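Here is what each chain is made of, one letter per residue.
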Amino acid sequence: MSKNLSELSGRKGLDKNLFEELGVLARESGTPNAKDLDLLAEEFLFGKANVFGTTSFYDFLRPQNKGKKVFVCNGSSCLTAGTQNNIHAALQKEFGSDQVGEMCCLGRCHENGAFHYNGSNYSGQAIAHLDDIKRDVYPKQESYYVGSYGQQILTSTPQDPTAFYALWKHALNQTPDALLAELKASGLRGRGGAGFPIGFKLESAKNTPGTAKFVVCNADEGDPGAYSDRYLLEQQVHLVLLGMMLAGYVMGASAGVLYIRAEYPKSIENTRIAIEFLRQKGYIGKDIFGSGFNFDFKIIPGLGAYICGEETALLSSIEGQRPEVRVRPPYPTQQGLFNKPTVVNNVETLANIPYVIKNGGAAFAALGKGKSSGTKLVSLDGFFNRPGIYEVEMGTPLKVVIEELGMGFKSPIKAMHIGGPLGGLVPMSKIGDLSIDFETFASQKFLLGHASVVCLPNDYPIIDYIEHLFQFTAHESCGKCFPCRLGSTRGHELIKGAKGDGDKIDAVLFDDLITTMEIGSLCALGGGLPLPIRNALQYFKEELIPYFQA
Ligand SMILES: Cc1cc2nc3c(=O)[nH]c(=O)nc-3n(C[C@H](O)[C@H](O)[C@H](O)COP(=O)(O)O)c2cc1C
Ligand code: SF4
């Protein structure tokens, strides 16, 4: 990260944004041309190499994707569901192989068979209707079950927006300190993976001097298997927006940035419409309700890079820098977007804020289990009899989620990958030991993460899944630190060699490799990958023995 580049990018504020401009340049031909990049570099006073470095990072800007028309979802859920080969074959037949690319992941994990064509996502049986899709007469609407267990905060029927925003007016009549006290009392912890209490983050940003501050919504939901943030942006967007507005008021930020992955076109569109509604109603803008408080939104669409979900990489991404993870401290609350105090929170975390402000911190804290207060959205994939998004009170047994909510599995399953690619690989024998909360997962040496569930059917080879995880990490590594950049690639090579050429792996060296990644990586991409690998080695030892030296 360069502090100078952050300042230079910040000169133009959010109105003209370098990263956004790169996306615009790529719209026509799939990748920006060198002359346009030079002009952008000049305009933002960036070095040409910096802008080129940024451009070459993103999947959607890479020359390899130039001119591609249609993209197959290469995420873990479509992989274990076994739908990708058929989708590839059908699309290649229809469009020609040079027109077919890949995207990760489209968040259609509830029915798989996912692909992206002409700005929209399709899944399930859609591949059988390519003619209609090309004529734009195939329905773009998908459906998945939405259910709950216990108190509903995020999944109840949305209130009429005009009535809902009475809470905003009410909140602006209170002091930021009073609202902050409720948020701290609620114990609300980040839902994006790390579980950090939001009250402390807001307090830190509030107490950092500065006139320009930012609240950033991390809607880069890149974990294959997760589509709960997508659900919130598409079905409950006002919870998210009001959550950001309240967070902004508490910390003194007048700008809210939503970084939404471009793999979710409908989320972007729906959020834009909702923001326009707020603007027309006068709920955002200058001197809102005569309170003297100003607030407005900016949507930044991502360009295909999993690491941009990591909060510091996300900030560099918005600034148009190469999205490499930053060393902390300084923390974003002290020196974040454009070097200004910034709070980055996950979509679901922010969506809980209106409930806390309306009902009080104590009411939220009373829900859930121990230090895991409130509820959690869980995403179930297409292996469940009733796939969908379920809101459960923290502490709900995993068995209840699987059997009562998901209604069991369509076919025999041997493991569930819970919490994204860096979450634990949970064998069926452990189901009874787990409940949906941070502490129980940690105590069993797994990770709740974003609580997405990708199933591995009985006939899916664990070695193939490990290979997929190394390959994913090698592709998505930001390259900042060696253990992750080299370790993920070496790991992938080792597994490939063991599978293909029978080059059996030295178990001690392999353990060295993942230990180095675990303790030496700068962020949880390289540092987190060893968790599911170790789970696989522990719980599926028999299956993996043939790939290791005796
Ligand atoms: C590789 C990586 C990917 C991440 N992806 C996401 C993501 O897609 N969405 C998210 O909210 N947090 C993601 N995080 C966590 C963020 O860095 C950060 O902790 C989070 O946005 C903070 O918000 P929260 O406190 O509300 O959870 C990721 C972290 C890492 C290391
Ligand atoms: S662990 Fe990987 S993604 Fe994270 S900083 Fe290191 S190289 Fe980048």
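See the structure shown above.
Reading the values: the criteria
- Residues numbered from 1 in each chain as written.
- Chains lettered and ligands numbered in written order.
- Predicted model: local features only at pLDDT ≥ 70, side-chain atom pairs only at ≥ 80, totals over all residues.
- Heavy atoms only, no water.
- Salt bridge = Lys/Arg side-chain N within 4 Å of Asp/Glu carboxyl O.
- Buried < 20%, exposed > 50% of the residue type's maximum accessible area, 1.4 Å probe, protein only.
- Helix = DSSP H or I, 4+ residues; strand = E, 2+ residues; numbered from the N terminus.
- Phe/Tyr/Trp six-rings, centres within 6.5 Å; stacked < 30°, edge-to-face > 60°.
- Near = heavy atom within 4 Å.
- Polar contact = N/O pair within 3.5 Å; in protein donor to acceptor, adjacent residues only side chain to side chain.
- Areas by Shrake-Rupley, 256 points an atom, 1.4 Å probe, with all protein chains shown as cover.
- Contact = heavy atoms within 4.5 Å.
- Pairing = 2+ DSSP bridges.
- Axes fitted to C-alpha atoms, helices over the stretch in contact; angles between N-to-C directions.
- Core = buried A, V, L, I, M, F, W, Y, C linked by side-chain atoms within 4.5 Å.
- Expected span 1.5 Å × (residues − 1).
- Arc of directions from axis to C-beta.

Visitor: I keep staring at the pattern of salt bridges and nothing clicks. Help me out?
Guide: Between side chains of opposite charge, pairing is possible as soon as their charged atoms come close. Following the criterion strictly, the structure yields 32 salt bridges and no others. Across the salt bridge formed by Asp 136 and Lys 140, the nearest N and O atoms sit 2.8 Å from each other. Overall, the relative accessible area of 49% leaves Asp 136 in the partly exposed class. Between Arg 230 and Glu 234 there is a salt bridge, and its shortest N-O distance comes to 3.1 Å. One end of the pair is Arg 230 and the other is Glu 234, both in helix α12 (residues 228-235) and four residues apart, which spans about a single turn. For the pair Arg 230 and Glu 234, one class covers both residues: buried. Salt bridges linked by common partners bring Arg 108, Glu 142, Arg 230 and Glu 234 together as one network.

Visitor: Help me understand the packing of aromatic side chains, please; the structure alone is not making it clear to me.
Guide: Two numbers describe a pair of aromatic rings. These are the distance of the centres and the angle of the planes. Enumeration over the complete set of coordinates arrives at 25 aromatic pairs. Ring centres of Phe 95 and Tyr 117 lie 5.3 Å apart, and the angle between their planes is 40°; on these two criteria the pair is classed as tilted. Of this pair, Phe 95 sits in helix α6 (residues 84-95) while Tyr 117 is found in strand β3 (residues 115-117), placing the two residues 22 residues apart along the sequence. Each of the two residues, Phe 95 as well as Tyr 117, counts as buried. Note on Tyr 122 and Tyr 138: the rings are 6.2 Å apart at their centroids and 55° apart in plane angle, and the pair reads as tilted. Of this pair, Tyr 122 sits in strand β4 (residues 120-122) while Tyr 138 sits in the loop between α7 (130-134) and β5 (145-149), and the two are 16 residues apart along the sequence.

Visitor: Even after reading the chapter, I still don't get the site of ligand 1, so can you show me in this structure?
Guide: As a matter of local geometry, ligand 1 sits amid 19 residues, with Gly 192, Asn 218, Asn 345, Asn 346 and Thr 349 nearest to it. The side chain of Lys 201 places a nitrogen or oxygen atom 3.1 Å from an oxygen atom of ligand 1. In this structure, a nitrogen atom belonging to ligand 1 sits 3.2 Å away from a main-chain N or O atom of Gly 309. Within the complex, 90% of the 610 Å² of free accessible area of ligand 1 lies under protein. Of all the elements in the fold, those that place two or more residues in the shell around ligand 1 are β9 (342-346) and α23 (524-528). A total of three residues in the shell around ligand 1 trace back to one element, the largest contributor, which is β9.

Visitor: Please explain the environment of Glu 319 as it appears in this structure.
Guide: By secondary structure assignment, the location of Glu 319 is in the loop between α15 (311-318) and β9. The spatial distance from the C-alpha of Glu 319 to the C-alpha of Leu 202 is 22 Å, given a sequence separation of 117 residues. Each residue touching Glu 319, except ones within four places of it in the same chain, is listed here: Ser 6, Ser 9, Leu 18, Phe 46, Arg 326, Gly 336, Leu 337, Phe 338 and Asn 339. A distance of 2.9 Å separates the side chain of Glu 319 from the side chain of Gln 321, its partner in a polar contact.

Visitor: Please clarify how the sheet that holds β5 should be interpreted in this entry.
Guide: Across a sheet, strands are paired by hydrogen bonds formed along the backbone, either parallel or antiparallel in direction. The six strands lie next to each other as β5-β13-β12-β16-β14-β15, forming an open sheet whose pairing is mixed. The outermost strands of the open sheet, each flanked by one partner alone, are β5 and β15 (425-427). Strand after strand, the sheet turns through a mean of 25° between neighbouring axes, direction not considered. Note that β5 and strand β13 (residues 388-393) share five bridges and pair parallel.

Visitor: Even after reading the chapter, I still don't get the nonpolar core, so can you show me in this structure?
Guide: In summary, soluble globular proteins display a tendency toward joint burial of nonpolar side chains. Judged by nonpolar contacts, the single largest core of 110 residues is most densely connected at Trp 168, Met 245, Leu 258 and Phe 297. Broken down by element, the residue count for this core peaks at twelve residues, all from helix α13 (residues 237-251). Discounting residues that sit within four places of it in the chain, Trp 168 has contacts with Leu 242, Met 245, Leu 246, Tyr 249, Tyr 283, Ile 288, Phe 289 and Phe 293. Phe 384, Ile 431, Phe 441 and Val 453 belong to the second-largest nonpolar core, a separate cluster that totals 25 residues.

Visitor: In this structure, what is going on with unusual backbone geometry? I would like to understand it.
Guide: Note on backbone geometry: most residues besides glycine have negative phi, and most peptide bonds are trans. In this structure, the amide linkage connecting Arg 328 to the following residue, Pro 329, adopts the cis form with an omega of -5°. Along the chain, Pro 329 falls in the loop between α15 and β9. With an omega dihedral of 5°, the bond running from Pro 329 to Pro 330 counts as a cis peptide bond. Position of Pro 330 relative to the elements: it lies in the loop between α15 and β9. Even without being glycine, Leu 45 reaches a positive phi, approximately 60°. Note that Leu 45 resides in the loop between α3 (34-44) and α4 (48-55). Positive phi, normally seen in glycine, also occurs at Asn 112, with a value near 55°.

Visitor: Honestly, the pairing of strand β12 (residues 375-380) in this entry has me stumped. Any pointers?
Guide: Remember that side chains alternate between the two faces of the sheet whenever the strand is regular. Most of β12 sits out of view: six of its six residues are buried. Both faces of β12 are covered, namely the face carrying Thr 375, Leu 377 and Ser 379 and the face carrying Lys 376, Val 378 and Leu 380. Bridge count between β12 and β13: six bridges; the pairing is antiparallel. Along β13, the bridge assignment pairs Leu 380 with Gly 388.

Visitor: Looking at this model, I keep getting lost on α6. Mind explaining?
Guide: Because each turn of an α-helix spans 3.6 residues, side chains separated by three or four positions in sequence point in the same direction. Over its twelve residues, α6 extends 16 Å from the first C-alpha to the last, a length consistent with the 16 Å expected when each residue adds 1.5 Å. Buried within α6 we find Gln 84, Ile 87, His 88, Leu 91 and Phe 95. Across the axial projection of α6, the buried residues extend over an arc of 100°, all falling on one side. Facing away from the buried side of α6, by more than 90 degrees, are the exposed residues Asn 85, Asn 86 and Lys 93. Summarising the contacts, the buried residues of α6 are in contact with β1 (70-73), α5 (76-81), β2 (100-103), β3 and α7. Once α6 ends, the next one or two residues include Gly 96, with phi positive near 90°.

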